[in-house]
Amino acid sequence: MIVVELAFTPSDARLAARPAHRTRLEALHADGTLLAAGPWADDHGALLVFAAARTVVDRVLTEDPYYSTDGVDVVSIEAWSPIVGP
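Not measured: the values here are computed from a predicted model. (Residues numbered from 1 in each chain as written. Predicted model: local features only at pLDDT ≥ 70, side-chain atom pairs only at ≥ 80, totals over all residues. Heavy atoms only, no water.)

Turning our attention to the overall build of the chain. Check the secondary structure of the chain and you find two helices and four strands. Order of helices (α) and strands (β) in the chain, N terminus to C terminus: β-α-β-β-α-β. Against the compact-globule benchmark of 12 Å for 86 residues, the chain has a radius of gyration of 12 Å, which places it among compact chains. Counting only C-alpha atoms and orienting by the principal axes, one finds that the chain spans roughly 35 × 25 × 20 Å. In the chain, which comprises 86 residues, the proportion classed as buried is 33%. (Helix = DSSP H or I, 4+ residues; strand = E, 2+ residues; numbered from the N terminus. Rg over C-alpha atoms; globule rule 2.2 N^0.38 Å. Buried < 20%, exposed > 50% of the residue type's maximum accessible area, 1.4 Å probe, protein only.)

Laid out in structure tokens, this is it:
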């Protein structure tokens, strides 16, 4: 699994790009690539958990313009080995 952490700063561009981004997330979840995703409670960033190889996640990050939108910073991309869960 790969975990991606995002940080947000106030940006109208980020908010404008968010609906299309969430549509992409829904498709990735439907096909099993994305297990879970969502913002922190105070909306200062988000966490995404992928059930995919790093190469797939890198492609997702490159193909979705949200990740390079003003106000969105990719803080970390980490391989994760959960002990419990799916």
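This paragraph deals with the environment of Ser11. Along the polypeptide, Ser11 turns up in the loop between β1 (2–8) and α1 (12–30). Residue classification places Ser11 among the buried positions, given a relative accessible area of 9%. Taking the C-alpha atoms as reference points, Ser11 and Ser76, 65 residues apart in sequence, are found 20 Å from one another. The residues contacting Ser11, other than those within four sequence positions of it, are Asp70 and Gly71. (Contact = heavy atoms within 4.5 Å.)

Attention shifts here to the pairing of strand β2 (residues 34–39). Two elements, β2 and strand β3 (residues 45–50), share five bridges in a ladder whose sense is antiparallel. Bridging from a neighbouring strand, Pro39 pairs with Ala46 of β3. Remark: five residues form the turn of the hairpin made by β2 and β3, two consecutive strands paired antiparallel; Asp43 in that turn has positive phi of roughly 60 degrees. (Pairing = 2+ DSSP bridges.)

These results come straight from atomic positions and should not be treated as a statement about function.
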